[in-house]
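These are the residues of each chain, in order.
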Amino acid sequence: MVEKEKRTALSRAVGYLNDEISATVRDYLRRSRTSEADVNEIRLRAYGPMGVTVSGRNVSLGKGVGVEVMREIFKRVCGGAVFAHRDDVCSGFVTLEGGIRVGVSGQARYEGGRIVGVGEISALVFRIPGRECSFARELYAEWLLHRGGMLICSRAGEGKTTAIRSLSRMIGSGERPRRVVVVDERCEFDRSAYTNAHVDILGGYKRALGVDIAIRTMSAEGVIVDEIGSRE
């Protein structure tokens, strides 16, 4: 079941690519006998090599995709409305259906010390979300033992977001489920994954406001926030 869910996420990501790049990715998976569930990222570069990350290992899939192709795929990622995603792009990412985060690299434009746009897109990184975390049950056991706050920290790419996705479901289900509210500012949680758990997701809310809503109006017994990045 886990692999099926992750395969769906990968298929969604590949759907934004053109036919040639899609075929290149699929051909590599077939030749290397790589499970789709092991794919962490698809990385496109206008100038450098494109590639995939498989179980943390970077694999080159040939030359860069070119400026025109990069522009075409970027428009697809933005649903044809680049301006509507300006704020997200300025923050370095666009979130797609199913919690797929696309990292965006390009030429930043500033006005009055504030970034107002990104042009000349040179790289796109499709991060394929994992559904389950190998150490989530250990985190859940710690939470059951202490029932207090928990701070999860690690280097980038080691599974923090995947961990809290699994942890949210565990806390909100079972014999004694708790009311869980997830403040999902980057819209990386797939609501369809929580149909059997007492989990409510505040998608797109700023973290500080979301925490306040979770406590004051949603009567949360557990509040989960991904990335505490500001004083607020």
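Residues numbered from 1 in each chain as written. Predicted model: local features only at pLDDT ≥ 70, side-chain atom pairs only at ≥ 80, totals over all residues. Heavy atoms only, no water.

For the rest of this paragraph, the subject is the nonpolar core. One finds Ile42, Leu44, Ile73, Leu124 and Phe126 to be the most contacted residues of the largest nonpolar core, which totals 36 residues. Taken together, the elements giving at least two residues each to this core come down to α1 (2–14), α2 (19–32), β1 (39–45), β2 (51–54), α3 (67–77), β5 (101–111) and β6 (114–127). Core analysis: the second largest hydrophobic core is formed by 19 residues, Phe189, Ala193, Tyr194 and Ile201 among them. (Core = buried A, V, L, I, M, F, W, Y, C linked by side-chain atoms within 4.5 Å. Buried < 20%, exposed > 50% of the residue type's maximum accessible area, 1.4 Å probe, protein only. Helix = DSSP H or I, 4+ residues; strand = E, 2+ residues; numbered from the N terminus.)

Mean pLDDT for the protein chain: 87, with 96% of residues reaching 70 or above. Confidence drops under a pLDDT of 50 for residues 1–7, and excluding neighbours within four residues, the segment shows 13 contacts in the predicted structure. (pLDDT = per-residue confidence, 0-100. Contact = heavy atoms within 4.5 Å.)

With that settled, consider the pattern of salt bridges. Here the structure, examined in full by the defined rule, presents 15 salt bridges. Between Glu36 and Arg26 there is a salt bridge, with its nearest N and O atoms 2.4 Å apart. Placement of the pair is Glu36 in the loop between α2 and β1 and Arg26 in helix α2, with a sequence separation of 10 residues. Relative accessible area serves as the criterion here: at 28%, Arg26 is assigned to the partly exposed category. (Salt bridge = Lys/Arg side-chain N within 4 Å of Asp/Glu carboxyl O.)

Strands sit in the order β8-β7-β9 across an open sheet of three strands; the sheet is parallel. Two strands close off the open sheet at either side, each with one partner strand: β8 (199–203) and β9 (222–225). Across this sheet, the average inter-strand angle for adjacent strands is 20°, counted without regard to direction. In this structure, strand β7 (residues 180–184) lies alongside β8, joined through five bridges in parallel fashion. Bridge assignment links Asp184 to a residue of β8, and that residue is Gly203. Strand contacts of helix α7 (residues 207–216): β7, β8 and β9, with the helix running at about 165° to β9, the strand carrying the most contacts. (Pairing = 2+ DSSP bridges. Axes fitted to C-alpha atoms, helices over the stretch in contact; angles between N-to-C directions.)

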